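# Observations on chain architecture
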Amino acid sequence: MIDIGANLTNKRFHQDIDRVLADAKAAQIKHIIVTGTSKTESIAAQQLAAQYPDFLKSTAGVHPHDAKHWGLDSLNTLRQLAMTTEVVALGECGLDFNRNFSSHAEQEQCFSAQLTLAAELNKPVFLHERDAFPRFAAMLGEQIDHLSGAVVHCFTGTEQALKSYLDMGCYIGITGWICDERRGDDLRRIARYIPADRLMVETDAPYLLPRTIKPKPRGGRNEPAFLGHVVATLAQCRNVTVDALVASTTATAQAFFNLA
Ligand SMILES: [Zn+2]
């Protein structure tokens, strides 16, 4: 399995990252893409990935929450990071009109600049959209033909949004949201519409601990080692075997991020 999104530079992993990675390997995780969410975190993600060259890769991007800090120095840092062998995608970037930690104008400027950079550098993008579908789809639609690939990470949207992303040629990342009996109903229903060659899986660790894990791990921290819980629920929703889903999502992620 390949975990296409884990926030391993989060402080909740500072104490025991070696153990977390060993557990992930023991749980049949072949690669983890460490998510870069700000200038600082993207540098940290690349440095972490450089320490585990056969196991970790990273993304370089500025999350919409952090868009208020976007500037020319961010752009230059992302460009430099994108030249390294560790960085396999730009992002995470996008729009988040749910939390609004940055203004809509700041988010749009930050998102647009990263799409342009990804097109220029011929790198795929790792995208975040929450409660911003119409504007996000319009902005992405303007650039999509110039992008080498785009994955909408942690997809939790509507059937209509899913269809529109697929029509644009986007890939879809599914997290433990699908394991949530309280709010994952829509996602469980529409997950079968995603073509196997557009579908990837991720933990978004330390967030989104799959609620199907019983008993709940102490501290409630999610880890790449728990990716199998996402895969198990997703396989059920799609009426395919776990083995088949592991094979297809791994092959899709390998090709999308150009992994060895
Ligand atoms: Zn996100």
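Residues numbered from 1 in each chain as written. Predicted model: local features only at pLDDT ≥ 70, side-chain atom pairs only at ≥ 80, totals over all residues. Heavy atoms only, no water.

### A look at the environment of K30
Inspection of the secondary structure puts K30 in the loop between helix 1 (17-26) and strand 2 (31-34). It is 30 Å that separates the C-alpha atoms of K30 and L95, two residues lying 65 residues apart in sequence. Aside from chain neighbours lying at most four places away, what touches K30 is M1, I2, D54, F55, T250 and Q254. (Helix = DSSP H or I, 4+ residues; strand = E, 2+ residues; numbered from the N terminus. Contact = heavy atoms within 4.5 Å.)

### Comments concerning helix 3 (residues 72-82)
The α-helix winds at 3.6 residues per turn, so residues separated by three or four positions along the chain end up facing the same way. Among the residues making up helix 3, those that are buried are S74, L75, T77, L78, L81 and A82. Along helix 3, the residues classed as buried sweep out an arc of 165 degrees about the axis, all on the same side. Along helix 3, exposed side chains directed more than 90 degrees from the buried face belong to L72 and Q80. (Buried < 20%, exposed > 50% of the residue type's maximum accessible area, 1.4 Å probe, protein only. Arc of directions from axis to C-beta.)

### Examining the layout of surface pockets
Approximately 730 Å³ is the volume attributed to the largest pocket. Surrounding the largest pocket, 26 residues form its lining, H63, H65, E92, D204 and Y207 being those nearest its centre. Taken together, the elements giving at least two residues each to the lining of the largest pocket come down to strand 4 (87-96) and strand 5 (125-130). Here the lining of the largest pocket takes three residues from strand 5, the largest share from any one element. (1 Å grid on protein atoms, 1.4 Å probe; cavity = no way out; pocket = protein on both sides within 12 Å on 5 of 7 lines; lining within 4 Å. Points joined across faces, edges and corners; volume = space filled by probe spheres on them.)

### Quick word on the sheet that holds strand 4
Strand order in this open sheet of eight strands is 1-2-3-4-5-6-7-8, and the pairing throughout is parallel. A strand with exactly one partner marks an edge of an open sheet, and here the two such strands are strand 1 (2-6) and strand 8 (199-201). Averaged over all pairs of adjacent strands, the angle between their axes in this sheet comes to 30 degrees, without regard to strand direction. Here three bridges tie strand 2 to strand 3 (residues 56-60), and the two strands are oriented parallel to one another. Within the sheet, the bridge partner assigned to V34 lies in strand 3 and is S58. Across the sheet, helix 5 (residues 133-143) is in contact with strand 4 and strand 5; its angle to strand 5 comes to roughly 155 degrees. (Pairing = 2+ DSSP bridges. Axes fitted to C-alpha atoms, helices over the stretch in contact; angles between N-to-C directions.)

### Some details on the packing of aromatic side chains
Scanning all chains against the criterion turns up six aromatic pairs. Look at F111 and F136: their rings are 5.2 Å apart centre to centre, the planes differ by 5 degrees, and that puts the pair in the stacked class. Of this pair, F111 sits in helix 4 (residues 104-121) while F136 sits in helix 5, and the two are 25 residues apart along the sequence. Each of the two residues, F111 as well as F136, counts as buried. Note on F136 and Y165: the rings are 5.9 Å apart at their centroids and 90 degrees apart in plane angle, and the pair reads as edge-to-face. With a gap of 29 residues between them, F136 in helix 5 and Y165 in helix 6 (residues 159-168) connect regions that are remote in the sequence. Pair check on accessibility: F136 and Y165 agree, each one buried. Taken together, the aromatic side chains of F111, F133, F136, F155 and Y165 make up a single cluster linked through ring pairs. Its end group placed over the ring of F55, K25 keeps NZ or CZ at 4.6 Å from the ring centre. Lying across the ring of W177, R183 places its NZ or CZ 3.8 Å from the centre. (Phe/Tyr/Trp six-rings, centres within 6.5 Å; stacked < 30°, edge-to-face > 60°. Lys NZ or Arg CZ within 6 Å of the ring centre and 35° of its normal.)

### A look at the pairing of strand 2
Where burial is concerned, the two faces of strand 2 agree: the one with H31 and I33 and the one with I32 and V34 are both buried. Where strand 1 lies against strand 2, three bridges are found, and the strand directions are parallel. Following the sheet pairing, D3 is matched in strand 2 by I32. The parallel pair strand 1 and strand 2, bridged by helix 1, forms a crossover whose chirality is right-handed. The β-α-β motif built from strand 2, the intervening helix 2 (residues 39-51) and the parallel element strand 3 has right-handed crossover chirality. (Right-handed = clockwise from strand over helix to strand, strands pointing away.)

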